[in-house]
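# Close look at the chain arrangement
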Amino acid sequence: MTGLLSRAAGRVAGRRRSRPDPLVADLVAALGPDRVQADAAARYLASRDASIFSEGTAGPVCFPASTEQVQACMRIAARHHRAVVPRGAGTGLSGGAAPLGSPVVLSMTGMNSVLEVDLDNRVAWVQPGLVNLELSRRVAAHGLHFAPDPSSQQACTIGGNVANNSGGPHCLAYGVTSAHVAAVEVVLSDGEVVVLGGLEAEPGGYDLRGAFIGSEGLCGIATAVAVRLTPNPPAVKTMLAAYPDAASAAATVGAVIADGMVPAAIELMDARAVAVIEEFARAGYPRDAGAVLLIEVDGMDGGAAIQADRVVAIASANGAASVRVAADEAERARLWKGRKNAFGAVANLEPDYYLHDTVVPRSKLAEVIEAVGEIADRHGVSVINVFHAGDGNLHPILAYDSRIEGMTERVAAAGEEIIEVSLAAGGALSGEHGIGVEKRDHMDKMFSPADLDHQNRLRQAFDPHCRMNPGKVLPSPHSCADIASLKAADGALWG
Amino acid sequence: MELTAPRAAPGAGPGAAAAVDEALAEFAAEVGPSGPVCVRGGGTRWCQGGPGDPEARVVAAPAGVIDFEPAEMTVRVRAGTTVADLHQTLAAAGQRTALPVRPSGTVGGALAVGESSPARLGLGPVRDALLQARYVDAEGRVVTAGAPTVKNVSGFDLCKLLVGSLGTIGLIGEALLRTRPIPQTERWVRAAGADPKSVLGQSRTAASILWDGSAVWVLASGYEVDVEADLGELAGLGDFEPADPPELPPHRWSCSPASAASFGPERLGGDGRFVAEIGVGVVHADRPQPPRQMSPGAARLNDQIKARFDPTGRLNPGRRP
């Protein structure tokens, strides 16, 4: 959380530049002048993602248009002993795209085509810069969609989804990105192109596709992705259950799962979330609710109706004051609009927010939410809970005003305690935002030295010199080569 | 605002400190830090990945269901447990896993081999069932991959690397698996002469569609009312009647879904028998698939993975996925 400092450093570095840098000259020679930006403004834009983390300063920013250009960038960076950091739309929330070590930044947003829609195999080959929601729009005419639907889906890219193994509300029933990617064309740190996975049912060798997905840009850069397309369900029922408190909403979640159903989505929003969402989006949530659950079931008509009836009964038995079933598509869209705009709505409350992300067993939801509330109170921070309750994926939003002295530190302290209670409840550090720089130094709370050693072995098999996105995910004692990669840039012009 | 130390929360300890139970510790000791070693489950896929080194010491993973939480839809099980025993335990709560059931086949074997059930279309692939694995590495240490939750992106996905790795990365001792509800109804039906692609396009309940070049079998799965409705629609595509599923020929081919749906006996020398999994791409045939070529880049990555995780090549020598 050193935003101001690194911003200032970036400006100084920009002014200091007086003659063409040999690295920039090589990149321009390979990509053309329009596809390389080395001015302070471009580098500043590439130095942040959507998180509150602002470590690092971008080196030259490249906008490759093809796999060959990505290869050229990788080879040039290697020749100049510089790290490479890929970035998509910059919607990441863990600082995964933060440019540590003044790297060459590869902005992939220009490679945004749908290369092929292969209906016989129900896959589409797409470029990594394609926006998630645009993909679903492009295949909608075939009655298909791309199932992962992160809240940022109007902006986030498929490449970013692959890097972070992104989820979204509907991953409860349909699975996260890894389950929806058949193959990835990857440029490795030495510039070699390799296709991981394949359209065939059981590609030979190790599941390198699976190992690559979620590797946060540390294993290479995806230049084409074969995404699986999911048929749209014929029937969808969306319900909003209002509760006097979050505990009864959380109890409903476990009861629904224990009843033998896997709904398409179960989202929980607490009282404060309901208030800010209603103010912002007018989604029709009852303003006096202590918590609401947005539950969606789908399938064929008969089964969806059976599931909806069961959900209504279970919600009522667990203390729901009301359960509304969306009567039509417009009402359904309105209910979801509230959920999907929750993070924007928080801006009405405080100027800054830190969106956290941990996972706990479903049975521990109620007690962990309570503990999160106590932690926030103790640190004098507002907390808003809007999260994927169905898979135990908490997203406490810590809303604050960074202009108040000491507030940023209080938010950081509260964030750490939320990690502690989540892990102590048998949970995980991150359900969908990834580790990045945000949770890198917490990894040893979840994993033993041997576990981290093995994660580092996987990374080094792909990138032995640790030139790809160094300084992320693994705490430094477990990624020694990172240090060399980060130090290489210290004396460089862009430092 | 005064800072105070985090309170101890209820529940199990953090993953880093999670205890290795006696059975897992004994298994790790048995594997030890040196000498060629291979792990054997039920032996149902013993020839997979090439002939193993006969000199390698044979070890077996411990057995037993450790913890089943129906409301979490997860089960923690020792790798030596047979899938059939596991599923018997889960069935009491109306659940099962995506692992294929073979007589005497174990959980560890199913994960190490990585072959999915013929109902992969409905159940999903084996690789998506593994949430957390505890395995013994080449140095004899117990390593944990993944998280104890149904969703996790904390670090690299070593679970994916383990599934299908034939015990060449580490020997799985314990697994946390995702479970799924057993549907209200499951019924096999068969129609001679139906078009498999049309059936795939039409059916909303098929957990498996098998095709032998002339007949189509469908495993209709879900709520009774949906299965009835779906079978009603399928009647327009063929004369579907209740039937047993076909016997699957012994060899497994891996194709794209489109290629499996247009498979023909010409690919088996003209007279071969096959059963294709429509929508998936696995084809069961009466002769083995010709060797597939891995690209040089992928082959190099595979070699690097093996070299990093097992530098002396002691884990399951002779075999490679």
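As shown above, the structure is provided for reference.
Residues numbered from 1 in each chain as written. Chains lettered and ligands numbered in written order. Predicted model: local features only at pLDDT ≥ 70, side-chain atom pairs only at ≥ 80, totals over all residues. Heavy atoms only, no water.

## Some thoughts on the overall build of chain A
- Each helix and strand counted, chain A has 18 helices and 20 strands in total.
- Seen through its principal axes, chain A has C-alpha atoms that stretch 70 × 60 × 45 Å.
- At a minimum sequence separation of 6, the contacts of chain A that also span at least 24 residues come to 72%.
- Looking at chain A as shown, the accessible area adds up to about 16100 Å², and 52% of this sits on carbon and sulfur atoms.
- Seen as two clouds, the 42 positive and the 56 negative side-chain charges of chain A have centres 6 Å apart. (Helix = DSSP H or I, 4+ residues; strand = E, 2+ residues; numbered from the N terminus. Contact = heavy atoms within 4.5 Å. Areas by Shrake-Rupley, 256 points an atom, 1.4 Å probe, with all protein chains shown as cover. Lys, Arg positive; Asp, Glu negative; His and termini not counted. Charge placed at Lys NZ, Arg CZ, Asp CG, Glu CD.)

## Remarks on the sheet that holds strand β1 (residues 36–37) of chain A
Residue and element names in this part refer to chain A.
- The strand order across the open sheet formed by four strands is β1-β2-β4-β3, and the pairing between neighbours is mixed. Edge positions in the sheet fall to β1 and β3 (84–87), since each of these pairs with one other strand and no more.
- Pairing of β3 with strand β4 (residues 104–107), which is carried by four bridges, proceeds in the parallel orientation. Across the sheet, P86 pairs through a bridge with L106, a residue of β4.
- Running over the sheet, helix α4 (residues 67–79) touches β2 (61–62), β3 and β4 and is turned about 170 degrees from β4. (Pairing = 2+ DSSP bridges. Axes fitted to C-alpha atoms, helices over the stretch in contact; angles between N-to-C directions.)

## Description of the interface of chain A and chain B
- Across the contact, 105 residues belong to chain A and 83 residues belong to chain B.
- Between chain A and chain B lies a buried interface of about 7300 Å² when both sides are counted; carbon and sulfur atoms form 57% of it.
- Counting across the interface, chain A meets chain B through seven salt bridges.
- Where A:D453 meets B:R141, a salt bridge forms, and the shortest distance between an N and an O atom there is 2.6 Å.
- Our count for the contact surface shared by chain A and chain B stands at 30 residue pairs in polar contact (both at pLDDT 80 or more).
- Mapped by element, the contributors of at least two residues to the side of chain A that touches chain B are β9 (193–197), α8 (208–212), α9 (246–258), α11 (301–317), α14 (365–379), α15 (407–424), α16 (443–446) and α17 (449–462) of chain A.
- Per-element tally for the side of chain A that touches chain B: the top contributor is α17(A), with eleven residues.
- In terms of residue class, the side of chain A that touches chain B is made up of 46 nonpolar, 31 polar and 28 charged. (Buried area = accessible area lost by both parts, 1.4 Å probe. Salt bridge = Lys/Arg side-chain N within 4 Å of Asp/Glu carboxyl O. Polar contact = N/O pair within 3.5 Å; in protein donor to acceptor, adjacent residues only side chain to side chain. Nonpolar A, V, L, I, M, F, W, Y, C, P; charged D, E, K, R; others polar.)

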